[in-house]
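# Tertiary structure, described
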Amino acid sequence: MENKKSIRKLVKERKNTFSAADRQNSNSIIFNKIINSSDYKNAQTIFIFVSFNNEVDTHRIIKQALQDGKILCVPKIISKEQGMDIVRIKSFKDLKEGAYGILEPEDNKLKVQEKDIELSYLPGLAFDRRGGRIGYGGGFYDRFLVKTRKDSKKIGLAYKFQVFSEVPMEEHDVFIDGIITD
Ligand SMILES: Nc1ncnc2c1ncn2[C@@H]1O[C@H](COP(=O)(O)OP(=O)(O)OP(=O)(O)O)[C@@H](O)[C@H]1O
Ligand SMILES: [Mg+2]
C-alpha cells in the first residue's frame, strides 16, 4: 500500500495530462449523474465543496441546485486549527474569493449545523471503492464529516484516474458512502 504523499503526487501528475476538453466532457457526465440521481432528488439540504482550479466542476451543480430550490451549503474556512463552517448560500453571487483564492461565503450569518446536512458532495485527490478518501492534507473534511449524521450520505466527486483499489486510511479518516466519476 503506497502512502498518502506518493498517491497525492501521482494524482497531481495525472491531472496535468488531462486536457481541458477531456475535463469539460467529464464534468458534464458527472453533472448529469448527480442531477439525475435519487440521492440528489430526495435531499433537501445539501453540502457541496466549491471547486477550484482543476477539481471536478461544482459551480454548475451549485447553480442548478439553487434553481431546484435546495438548501445549499458550502464550506467557509475559519482557520487551520478551527476548521471550516458550513454556510448556506442563496445565490452563486454570495461566493467571493477567500484566503486561498477559493470561492466562499463572505460571512457565516447563514451558518448551518453539520447534523442538518442530508447529502454531502466531497472533494479529494484519491478515492477507493471501500469509501477510502485522501484529501489535500488539511483534515478539514474529516473534521466536518465526523459531525454529520451517520445516516447522511457522503459522496466523493472524482475523475476516473483518481480512483485506486485501496488508499491508506488513518484513525481520523472518515469513510464515505460512494463516489461519482465520469
Ligand atoms: N477529527 C480530527 N480532529 C483533529 N484533527 C484532525 C481530525 N481529522 C484530521 N485531523 C488533522 O488533519 C491532519 C491531516 O489529515 P489528512 O491527511 O487525513 O487530511 P485529508 O483527509 O487529506 O484532508 P481533508 O479532510 O481536508 O480532505 C491530520 O494529521 C490531523 O492532524
Ligand atoms: Mg483524511
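Residues numbered from 1 in each chain as written. Chains lettered and ligands numbered in written order. Predicted model: local features only at pLDDT ≥ 70, side-chain atom pairs only at ≥ 80, totals over all residues. Heavy atoms only, no water.

## Observations regarding the site of ligand 1
The full set close to ligand 1 counts 14 residues, and Arg8, Arg133, Gly137, Phe140 and Asp173 are the nearest of them. The backbone of Gly137 places a nitrogen or oxygen atom 2.8 Å from an oxygen atom of ligand 1. Here ligand 1 has 640 Å² of accessible area as a free molecule, and 68% of this is covered by the chains. If you list the elements that add at least two residues to the shell around ligand 1, you get helix H1 (4–16) and helix H5 (140–145). Top element by residues in the shell around ligand 1 is H5. It accounts for 4 residues. Class assignment for the residues of the shell around ligand 1 results in 3 nonpolar, 5 polar and 6 charged. (Near = heavy atom within 4 Å. Polar contact = N/O pair within 3.5 Å; in protein donor to acceptor, adjacent residues only side chain to side chain. Areas by Shrake-Rupley, 256 points an atom, 1.4 Å probe, with all protein chains shown as cover. Helix = DSSP H or I, 4+ residues; strand = E, 2+ residues; numbered from the N terminus. Nonpolar A, V, L, I, M, F, W, Y, C, P; charged D, E, K, R; others polar.)

## Description of the coordination of the magnesium ion (ligand 2)
The protein atoms that coordinate the magnesium ion (ligand 2) are Asp142 (OD) and Asp173 (OD), at distances spanning 1.9 to 2.0 Å. Linking Asp142 in helix H5 with Asp173 in the loop between strand S10 (163–164) and strand S11 (178–181), this pair joins segments that are 31 residues apart in sequence. Overall, the relative accessible area of 9% leaves Asp173 in the buried class. (Donors = N, O, S within 2.8 Å, 3.2 Å for Na, K, Ca; no water. Buried < 20%, exposed > 50% of the residue type's maximum accessible area, 1.4 Å probe, protein only.)

## Overview of the environment of Arg8
Residue position: Arg8 is located in helix H1. Each C-alpha atom of the pair Arg8 and Val112 lies 31 Å from the other, and the pair is 104 residues apart in sequence. Among all residues touching Arg8, those that are not within four sequence positions of it are Leu125, Ile134, Gly135, Tyr136 and Gly137. A distance of 2.7 Å separates a polar side-chain atom of Arg8 from the backbone oxygen of Gly135. (Contact = heavy atoms within 4.5 Å.)

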